[in-house]
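Chain by chain, the residues run as shown.
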Amino acid sequence: MEAVILILGLLVVAFMALGVYATVKVVGAAKRGVDRTITQARRTVEDTTLRAKSYGQLGVGGELAQLRLSLRTSMRATQEALQAGAVEDASLSESLGLFERLGVHGRELDEDLKRLEREPDKATVASLLPDLKKRTERITRAAESLRWAARDRARQFADDDLAALNVQIDVEAGALRHWTTEEPAAESRTAAPEPPDSPARGQERSGTGPAGGEGAPQAPQALTAPDPRLRAGYPWQKAARPETTN
């Protein structure tokens, strides 16, 4: 009896621990989801504000906003391209490492530009603009180089796969049209000769054979039509109309 009570107690403790663990996981996932939503909303607000400043504000403030917007847009596009490509191409992991190092310089530049937007001494900020533009161009050019290299690599893989697929389709198409290349004459040449005294040869000479000495032609083999119910559906495929009975 004591053993049963002990086992029941252990089961209760195990279920309680499992419930606490599941609750912690659910709360953590919900918190991460909320954090991502807040981060995305903050990023959208900042991008909208920078876009409005770059087009509506003149002078140093507008140029700083334009530099920040260009930097953020290029870095985000490169990050998305590399992360999406790394799912199917493990070789891009090294490119992601290089991008992370580039991102450190990008964040430092973005912080400098943000701090200069609040600087009241506009003359000093204007004197720093040439150097800030060069830094921005170097970072965005490096990001664009990684991004387009990843896209060219993915496109080359797609072209190679399409070329191999075309070869396989050509071979399959030739196999499906095999009846157009068969010649009855070739089959008759490969047939074994009959003995000179066989009845069939006598019938062939006298014209009393089943085909009058010419031989019976082979009937064409019927092609089995594919079952439309077994076809896979595609976005461009029209749905088959149901058959109606009179």
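It should be emphasised that the depicted structure is a prediction, and the values quoted were computed from it without experimental measurement. (Residues numbered from 1 in each chain as written. Predicted model: local features only at pLDDT ≥ 70, side-chain atom pairs only at ≥ 80, totals over all residues. Heavy atoms only, no water.)

1. Concerning the overall build of the protein
A tally of regular secondary structure across the protein gives six helices and zero strands. Helices and strands in the protein line up, N terminus first, as α-α-α-α-α-α. Burial status across the protein gives 17% buried among its 246 residues. Across the protein, the fraction of contacts at a sequence separation of at least 24, relative to all contacts at a separation of at least 6, is 66%. If you sum the accessible surface of the protein, you get close to 19600 Å²; carbon and sulfur atoms cover 59% of it. (Helix = DSSP H or I, 4+ residues; strand = E, 2+ residues; numbered from the N terminus. Buried < 20%, exposed > 50% of the residue type's maximum accessible area, 1.4 Å probe, protein only. Contact = heavy atoms within 4.5 Å. Areas by Shrake-Rupley, 256 points an atom, 1.4 Å probe, with all protein chains shown as cover.)

2. Topic: the confidence of the model for the protein
On average, residues of the protein score 75 in pLDDT, and 66% of them reach the 70 mark or higher. Confidence drops under a pLDDT of 50 for residues 200-214, and excluding neighbours within four residues, the segment shows 11 contacts in the predicted structure. (pLDDT = per-residue confidence, 0-100.)

3. A closer look at the nonpolar core
In terms of nonpolar packing, the biggest core is built from 19 residues, with Leu64, Met75, Leu109, Leu113, Leu129, Leu132 and Ile139 touching the most fellow members. Elements with a minimum of two residues in this core: α2 (60-86), α3 (93-117) and α4 (122-176). Considering each element in turn, this core owes the most residues, seven residues, to α4. In contact with Leu109, other than residues within four places in its own chain, are Leu71, Leu132, Arg135, Thr136 and Ile139. (Core = buried A, V, L, I, M, F, W, Y, C linked by side-chain atoms within 4.5 Å.)

4. What to know about a nonpolar patch on the surface
Judged by side-chain polarity, Val4, Ile7, Leu8, Leu11, Phe15, Leu18 and Tyr21 come together as a nonpolar surface patch covering roughly 740 Å² of accessible area. Relative to the elements of secondary structure, Phe15 occurs in helix α1 (residues 2-56). For Phe15, a relative accessible area of 59% puts it in the exposed group. (Patch = residues over 30% accessible without salt bridge, like charges linked within 9 Å, V, L, I, M, F, W, Y side chains within 5 Å. Salt bridge = Lys/Arg side-chain N within 4 Å of Asp/Glu carboxyl O.)

5. Observations regarding α3
Here α3 spans 36 Å end to end across 25 residues, near enough to the 36 Å set by a 1.5 Å rise per residue. Inspection of α3 places Ser95, Phe99, Leu102, Gly103, Gly106, Leu109, Asp110, Asp112, Leu113, Leu116 and Glu117 among the buried residues, and these make up the whole buried set. (Expected span 1.5 Å × (residues − 1).)

6. Some thoughts on the side chain of Arg147
Examined against the element boundaries, Arg147 turns out to sit in helix α4. No salt bridge is formed by the buried Arg147. Its closest oppositely charged neighbour is Glu144, at 4.2 Å. Once residues lying within four places of it in the same chain are set aside, the contact partners of Arg147 are Ser74, Ala77, Thr78 and Ala81. (Lys, Arg positive; Asp, Glu negative; His and termini not counted.)

7. Examining the side chain of Thr140
Secondary-structure assignment places Thr140 in helix α4. The class of Thr140 is buried, set by a relative accessible area of 9%. A polar side-chain atom of Thr140 sits 2.8 Å from the main-chain carbonyl oxygen of Thr136. In this view, Thr140 contacts Ser70, Leu71 and Ser74; residues no more than four positions away in its chain are not counted. (Polar contact = N/O pair within 3.5 Å; in protein donor to acceptor, adjacent residues only side chain to side chain.)

8. So, the packing of α2 against α3
Where α2 contacts α3, the axes come no closer than 10 Å and their chain directions differ by 160 degrees. On the basis of the axis angle, α2 is roughly antiparallel to α3. Like other packed secondary-structure pairs, α2 and α3 cross with a definite hand, here left-handed. On α3, the residues that touch Leu64, Ala65, Leu67, Arg68, Leu71, Arg72, Met75, Thr78, Gln79, Leu82, Gln83 and Ala86 of α2 are Ser95, Leu96, Phe99, Leu102, Gly103, Gly106, Leu109, Asp110, Leu113, Lys114, Leu116 and Glu117. Within the contact of α2 with α3, the residues separate by chemical class into 13 nonpolar, six polar and five charged. (Axes fitted to C-alpha atoms, helices over the stretch in contact; angles between N-to-C directions. Parallel < 35°, antiparallel > 145°, perpendicular 65-115°, else oblique. Left-handed = near helix turned anticlockwise from the far one by under 90°. Nonpolar A, V, L, I, M, F, W, Y, C, P; charged D, E, K, R; others polar.)

9. Considering the environment of Val60
Tracing the chain through its elements places Val60 in helix α2. When the C-alpha atoms of Val60 and Ser127 are compared, they prove to be 9.9 Å apart, with 67 residues separating the residues in sequence. Residues in contact with Val60, not counting those within four places in the same chain, are Lys122, Val125, Ala126 and Leu129.

10. Thoughts on the packing of α2 against α4
Each packed pair of helices is defined by two parameters, the angle between the axes and the distance between the axes. Running from N to C, α2 and α4 point in directions that differ by 15 degrees, and their axes come no closer than 9 Å. For the element pair α2 / α4, the angle class is roughly parallel. Once α2 is placed against α4, the crossing between them reads as left-handed. Each residue belonging to the contact of α2 with α4 can be placed in one class, and the counts come to 16 nonpolar, five polar and six charged.

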